[in-house]
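An overview of the molecular structure
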Amino acid sequence: MTDNETHSSTSRAADWSPSELPGGRSVQRLAEYQRLREQCPVAWADDHGGYWSLTRYADVREAARKSATYASGAPIIQWPDFADQIPISLNPPEHAKYRRMLNRYVAKDAMDSLEPTLRAYAVEHLEPLLQAGEGDIVTAFCQPFPARALAALLNLPDSAYTELVEQFAGFERMGWDPDKVNAVIGQIFEAHITRVIAERRARPLDPETDLLSGVLAAEIDGRPLSDDTVLQIGVQLFVAGHATTADALATSMYRLATNPDIQVSLRQFPERIPSAVEEFLRIESPLQSIARTVTEDVELHGRTIRAGDKVDLHYGAANRDPEAFEHPTACIIDRQRNDHMAFGFGIHKCLGAPMARLEMRVALEEILARTSEIALAGPGTETAGRLRGWTNLPLRVTMR
Ligand code: HEM
């Protein structure tokens, strides 16, 4: 297949078969991303009814920027592309109204207030593993910590997070199989969040600082939001904010455990941790890709993407594009220019990025300050689907 070959929308040969490839970290998959970037930057796959993939940094960025042409809300598979969730499924001009309403709850002031609570949670969840000297960091820390952080963001009772962790673990056990997850996601999250919405309606907290009370008090186009809309926002925060962050934490722990030199550097110079967080996000890209639907015919690299076609924006492949990053496969924790797209780009750029960055920084600060050595204690199990991370990662840790 060459760049100049044009496909009709009815007859296309597949350029690759993503669902037949082994996991996100495998040599074969990474080699396939490289082949697509170099030789087939607009690549067709027959999986899930057929869709295009963009893998070059410049193309993914441009598509994410052109939100009217590359519209959100119609996923390739229903999960985990956030169908029906708000704000990710919305397009301009609706999207901005909701995004404006939500931004302040993750702004710097809000994160500064949240930091001591998250730090205390991080210490509490790390301590048993540190005392034991060995264990699975994912179940001990990477899963419960972001669930508890989300509960704190939404001012849920502290007990809520254990229930959430169990629900998220259930998704992992299902291998993120879209049919199985879809069958239960409605019941569990909706039951949970519907309960909280009812509580907030009855006893609102300060709408300036409590997200759900603020959303319930807000008006869009002069009308208050329905319970269904508030539910779509609440479900979105849980679904978008947990597995992504758990995988970001797990992949960061993996990077530390497999790079003793990085541990030494960050223990000696903890002020380098924020820059290391960015590099771990770039090289791992926990949410590897997400779909758009084109609203008009698009010509790109000699190919025609027809209106209505689905296009996967491959943030993970773009973040390893040598045209955008020098030595893209090397983990360089003090990389000077690191304009990665692990949080996306354009209007849908991750709402929770400030919170995810806070969680990652606090986690790394606390584990590095308490240990003299972190090492792998055995093979882990990779996360399935579009996420790149670990569902279990045995570590051996030596306390200082
Ligand atoms: C390291 C952890 C995280 C990663 C890698 C990540 C990744 C992403 C990416 C790539 C997007 C863009 C999707 C697109 O282009 O359509 C996104 C959007 C979003 N994320 Fe995150 N995310 C993380 C953590 C969080 C957290 C903690 C929250 C909630 C507190 C959150 C909430 C959202 C929301 C609501 C959107 C949709 C934004 C919009 O459409 O305006 N994410 N995230």
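Above this text is the structure in question.
Described in the following lines is the structure provided in the data block.

Rules of the game
- Along each chain, the written sequence defines residue order, and numbers are assigned to residues from 1.
- Restriction of local features to residues with pLDDT of at least 70 applies here, the model being predicted, together with a cutoff of 80 or more for giving and counting side-chain atom pairs; totals for whole chains, interfaces and linings are based on all residues.
- Side-chain numbers here rest on the full set of heavy atoms in the structure, without hydrogens or water.
- Neighbouring residues are identified by heavy atoms, a residue being near a molecule or strand if any of them is within 4 Å of it.
- Any pair of nitrogen or oxygen atoms within 3.5 Å is treated as a polar contact; in protein, a donor-acceptor pairing is required on top of that, and neighbouring residues in sequence qualify only through side-chain atoms on both sides.
- Here the term cavity refers to a set of points on a 1 Å grid, laid over the protein atoms alone, in which a 1.4 Å probe fits but cannot get out; the term pocket refers to an open set having protein on both sides within 12 Å along at least five of seven lines, with lining residues being those that place an atom within 4 Å of a point.
- Placement in a cavity or pocket follows one criterion, namely that more than half of the molecule's atoms lie within 2 Å of its grid points.
- Strands here mean DSSP runs of E at least two residues long; helices mean DSSP runs of H or I at least four residues long; both are numbered from the N terminus.
- Amino acids are sorted into nonpolar (Ala, Val, Leu, Ile, Met, Phe, Trp, Tyr, Cys and Pro), charged (Asp, Glu, Lys and Arg) and polar (every other residue, Gly among them).
- The set of buried Ala, Val, Leu, Ile, Met, Phe, Trp, Tyr and Cys residues whose side-chain atoms join them within 4.5 Å is what this entry labels a nonpolar core.
- Three labels apply to residues, based on accessible area from a 1.4 Å probe with only protein chains included: buried if under 20% of the type maximum, exposed if over 50%, partly exposed otherwise in between.
- Throughout, a residue-residue contact means that at least one pair of heavy atoms, one from each residue, lies within 4.5 Å.
- Strands are treated as partners if at least two bridges between them are detected by DSSP.
- Grid points are joined across faces, edges and corners, and a volume is the space filled by probe spheres set on the points.
- By definition, the arc is the one covered by directions from the helix axis to the C-beta atoms.
- In this analysis, axes come from line fits to C-alpha atoms, helices being fitted only over the stretch in contact, and the angle between any two N-to-C directions falls in the range 0 to 180 degrees.
- Basic side-chain nitrogens of Lys or Arg form a salt bridge, by our definition, when they fall within 4 Å of a carboxyl oxygen of Asp or Glu.

**A word on the site of the ligand**
Neighbouring residues of the ligand: 27 residues in total, closest H95, R99, Y315, H348 and C350. At 3.5 Å from an oxygen atom of the ligand is found a main-chain nitrogen or oxygen belonging to I88. With respect to the ligand, the backbone of A240 contributes an N or O atom lying 3.5 Å from a nitrogen atom. When each cavity is represented as a set of grid points, the ligand is found to reside in the largest cavity. For the shell around the ligand, the secondary structure elements donating two or more residues are helix 3 (94-103), helix 6 (144-153), helix 10 (227-241), helix 11 (243-257) and strand 7 (290-294). In the shell around the ligand, the residues fall into 17 nonpolar, eight polar and two charged.

**A closer look at the nonpolar core**
In this structure, L54, M101, I137, F141, I233, M253 and L256 are the most contacted members of the largest nonpolar core, which totals 111 residues. The element that contributes the greatest number of residues to this core is helix 15 (residues 353-370), accounting for 10 residues. Those residues in contact with M253, other than ones at most four positions away along the chain, are I137, F141, C142, A363, L364, I367, L393 and L395. Membership of the second largest hydrophobic core comes to 10 residues, among which are W16, C40, I76 and A291.

**Some remarks on the sheet that holds strand 10 (residues 310-313)**
Whenever strands of a sheet pair, they do so through backbone hydrogen bonds, lying parallel or antiparallel. Strand order in the open sheet made by the five strands is 1-2-10-7-3, with mixed pairing throughout. Looking at strand neighbours, the two that pair on one side only are strand 1 (42-45) and strand 3 (70-71), the edges of this open sheet. Where strand 7 lies against strand 10, four bridges are found, and the strand directions are antiparallel. The partner of A291 across the bridge, within strand 10, is D312.

**Some points on empty space enclosed by the protein**
This model, assessed by the stated rule, comprises three cavities of 30 Å³ or more. Around the largest cavity, the lining comprises 34 residues; the ones closest to its centre are A240, F343, C350, L351 and G352. Taken together, the elements giving at least two residues each to the lining of the largest cavity come down to helix 3, helix 6, helix 10, helix 11, strand 7 and helix 15. Here the element with the most residues in the lining of the largest cavity is helix 10; it accounts for four residues. Residues of the lining of the largest cavity, tallied by class, amount to 22 nonpolar, eight polar and four charged.

**A few points about helix 12 (residues 260-268)**
Every buried residue of helix 12 is accounted for by I262, Q263, S265, L266 and R267. In this fold, the buried residues of helix 12 make contact with helix 11, helix 13 (273-284), helix 15 and strand 11 (371-376).

**Some points on helix 3**
Along helix 3, the residues that are buried comprise H95, Y98, R99, M101 and L102. One face of helix 3 carries all of its buried residues, which in axial projection span an arc of 160°. Where the residues of helix 3 are buried, they touch helix 9 (211-217), strand 5 (219-220) and helix 10.

**Quick word on the sheet that holds strand 4 (residues 134-136)**
On the basis of which strands lie adjacent, the open sheet formed by three strands has the order 4-14-11 and antiparallel pairing. The strands lining the two open edges of the sheet, one partner per strand, are strand 4 and strand 11. Here the average twist between neighbouring strands, direction ignored, is 25°. Relative to strand 14 (residues 394-399), strand 11 runs antiparallel, the two being bridged by five bridges. Note on strand 14: the bridge partner recorded for I374 is V397.

**A look at the environment of N103**
One can find N103 in helix 3. Given the relative accessible area of 33%, N103 is considered partly exposed. Sequence separation between N103 and L351 is 248 residues, and the spatial gap between their C-alpha atoms is 6.8 Å.

**A look at the pattern of salt bridges**
Inspection of the entire model under this criterion finds 26 salt bridges. Here R35 makes a salt bridge to E32, at a shortest N to O gap of 2.9 Å. Note that R35 and E32 are positioned in helix 1 (residues 27-39) at a spacing of three residues, about one turn of the helix. In this structure, R306 engages D297 in a salt bridge whose closest nitrogen and oxygen atoms are separated by 3.2 Å. Residue classification places D297 among the partly exposed residues on the basis of a relative accessible area of 44%. When salt bridges with common partners are traced through the structure, they connect E115, R119, E127, R361, E365, E366 and R370 into a single cluster.

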